[in-house]
Amino acid sequence: MTDEYNALIDNKTWELVPRPSGINVIRSMWIFAHKENSDGSFARHKARLVGDGKTHQVGIDCGETFSPVVKPATIRTVLSLALSKTSPIHQLNVKNAFLHGDLKETVYMHQPLGFRDPNRPHRVCLLKKSLYGLKQSPQAWYTRFADFVSTIGFTHSRSDNSLFIYRPGLTLAYILLYVDDIILTASSDALRQSIMAMLSSEFAMKDLAPLSYFLGIVVKRHSDGLFLSQRKYAAEIIKRAGMSSCKSASTPVDTKPKLSAEAGAPDENPTRYRSFAGALQYLTFTKPDITYDVQQVCLFMHDPRVEHMNAIKRIIRYIQGTLDYGLHLYPSSTSALVSYTDADCGGCPDTRRSTSGYCMFLGNNLVSWSAKRQATLSRSSAEAEYRGVANVVSESCWLRNLLLELHCPIQKATLVYCDNISAIYLSGNPVQHQRTKYIKMDIHFVREKVAKGHVRVCHVPYRYQVADIFTKGLRAVLFEDFRDSLSVRRPSAMIVGVC
């Protein structure tokens, strides 16, 4: 606590002033935690002083609160590029990152417990810097960091505002910012050290050595590339569910029709259901094989039923049997984008809307995927499939723009594999058909990209349609084959430990 308090004083986080009348004064609280290593072992005790953001009044002591965070697809893309160029990948830590943000609003806070000024006990803290717990702290920190790195030559990406690019001459470096977690990769170790020195001149920055643990994800280097795993996080979900000794399942969902919103009696504990559904969503960062199943259970968070809870337990049973599985990234060519898209026409038993899914590969690495129920009802399988094509083409356009900003442009057309012949014809046929008048926006969007040579829509047989894993329950043999195609496997025998 003393170290934390002294750091706040050294940073000139506040000044003590007489309490003005009629103003809102927020509480100050101490939060205590145990910091753990990536393997779950105890690292150290941590005390942090926070402000009670719940007592903020919007428009008075709280304004803009949104803070951009780097997209998961951007992280995987940058890691793939770093692997292909054998660039060093390091993780950085900023001591008390939020305290570096400058507050635009006037915020008063009570003095921290245990550290009241004995000579001025009735005074309050007028905050000069942002503090953990304040609603605007993430935004204030992001603004301060972005403003500084722009002064040393970085530019922020228009495709992802939390990606910063440094290109002096022929050298290249990227910074990925997720709140106060930072990944730095540079084309040479000398450039990395130079950037670290510039950052350290402004912030209390520490180099945590090669990337090994980021956002709860363990990153290990093997003989062929990187292995991303959330084993510890997954084990915590299983333990919270009280299913540590449960029997594992070979697939996360069966091949029966999709769940209905009226399936069974209401669940006795909706809060618990929502907690597990949210926790499973984050697990899809390294386990795309459960994306469809998690998307399905998330549809019922407003009114969960017993059958929906049983579906969550089925996913947890599958995770129990695949705890060691994670996502592999390999050094490979980054000159081609290949995607697969599929749609389960009218699969929702309540609305008859379709579920569309896609996955995108940069070289041999899976960098983006999605499973989502379509916003409108499709009148035919061709329409449902074509909407899926439009979704993946939109994602490919974003990814191509991102790679262009990363100075790794894609010269070839993005290949989009679809198993519906009618949808493929619609992507290139300029003749308007009666059945397409309800999807003209998607028609024109995809055809324009095809005409410009940015996209080619090709046919893939059903047996090799990898995107099926994002739209429906599959038999175990087919599911395991597609899971392997997504590079979701056990760790390689040769694990080095860090990248």
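Up top is the structure.
Keep in mind that what you see is a predicted model, and the values were worked out from it rather than measured.

Draft legend 1. Inspection of helix H4 (residues 189-200) at higher detail. With 12 residues, H4 extends 16 Å from end C-alpha to end C-alpha; this agrees with the ideal 16 Å at 1.5 Å per step. Of the surrounding elements, those touching the buried residues of H4 are strand S5 (89-94), helix H3 (137-151), strand S9 (163-166), strand S10 (173-178), strand S11 (181-186) and strand S12 (205-210).

Draft legend 2. View of the packing of aromatic side chains. Applying the stated criterion to the full structure yields 15 aromatic pairs. Judged by centre distance (6.3 Å) and plane angle (40°), the ring pair of Tyr142 and Phe164 falls under tilted. Taken together, the residues span a long stretch of sequence, with Tyr142 in helix H3 and Phe164 in strand S9 at a distance of 22 residues. This pair shows no difference in class: Tyr142 is buried, exactly as Phe164 is.

Draft legend 3. Up close: the pattern of salt bridges. For the structure shown, the criterion picks out 20 salt bridges. We note a salt bridge from Arg192 to Asp207, for which the minimum N-O separation is 2.7 Å. A residue pair is termed long-range when its members are at least 10 positions apart, and Arg192 in helix H4 and Asp207 in strand S12 qualify at 15 residues. Between Glu383 and Arg387 there is a salt bridge, and its shortest N-O distance comes to 2.8 Å. On the criterion of helical spacing, the pair formed by Glu383 and Arg387 is a turn pair, its members being 4 residues apart in helix H9 (residues 381-405). In this structure Arg387 comes out as buried when scored by relative accessible area, which is 15%.

Draft legend 4. Unusual backbone geometry, seen in detail. In this structure, Thr86 is a non-glycine residue whose phi angle is positive, near 50°. Counting through the fold element by element, Thr86 comes out in the loop between helix H2 (72-84) and S5.

Draft legend 5. Structural context of the environment of Tyr273. Checked against the element boundaries, Tyr273 lands in helix H6 (residues 270-283). Between the C-alpha atoms of Tyr273 and Pro409, which are 136 residues apart in sequence, the distance is 43 Å. Contacts of Tyr273, omitting those with residues within four sequence positions, involve Asp267, Val297, Phe300, Met301, Pro304, His308, Met309 and Ile312.

Draft legend 6. Molecular detail of the packing of H9 against helix H10 (residues 421-428). Following both chains from N to C, one finds H9 and H10 inclined at 60°, their axes separated by 8 Å at the closest point. Classified by the interaxial angle, the pair formed by H9 and H10 is oblique. The handedness of the crossing between H9 and H10 comes out as right-handed. Between H9, through Ala382, Glu385 and Tyr386, and H10, the contact on the second element is made entirely by Ser422, Ala423, Leu426 and Ser427.

Draft legend 7. Quick look at the sheet that holds S10. Spatially, S8-S9-S10-S11-S5-S12 is the arrangement adopted by the 6 strands of the open sheet, whose pairing is antiparallel. The open sheet has two free edges, formed respectively by strand S8 (155-156) and S12, since each of these has just one partner strand. Pairing of S9 with S10 involves 4 bridges; the strand directions are antiparallel. When the sheet's bridge partners are listed, Leu163 is paired in S10 with Leu176. Packing of H2 onto the sheet brings it into contact with S5, S9, S10 and S11, and relative to S10 it is tilted by some 155°.

The rules behind these values
- Residues numbered from 1 in each chain as written.
- Predicted model: local features only at pLDDT ≥ 70, side-chain atom pairs only at ≥ 80, totals over all residues.
- Heavy atoms only, no water.
- Helix = DSSP H or I, 4+ residues; strand = E, 2+ residues; numbered from the N terminus.
- Expected span 1.5 Å × (residues − 1).
- Contact = heavy atoms within 4.5 Å.
- Phe/Tyr/Trp six-rings, centres within 6.5 Å; stacked < 30°, edge-to-face > 60°.
- Buried < 20%, exposed > 50% of the residue type's maximum accessible area, 1.4 Å probe, protein only.
- Salt bridge = Lys/Arg side-chain N within 4 Å of Asp/Glu carboxyl O.
- Axes fitted to C-alpha atoms, helices over the stretch in contact; angles between N-to-C directions.
- Parallel < 35°, antiparallel > 145°, perpendicular 65-115°, else oblique.
- Left-handed = near helix turned anticlockwise from the far one by under 90°.
- Pairing = 2+ DSSP bridges.

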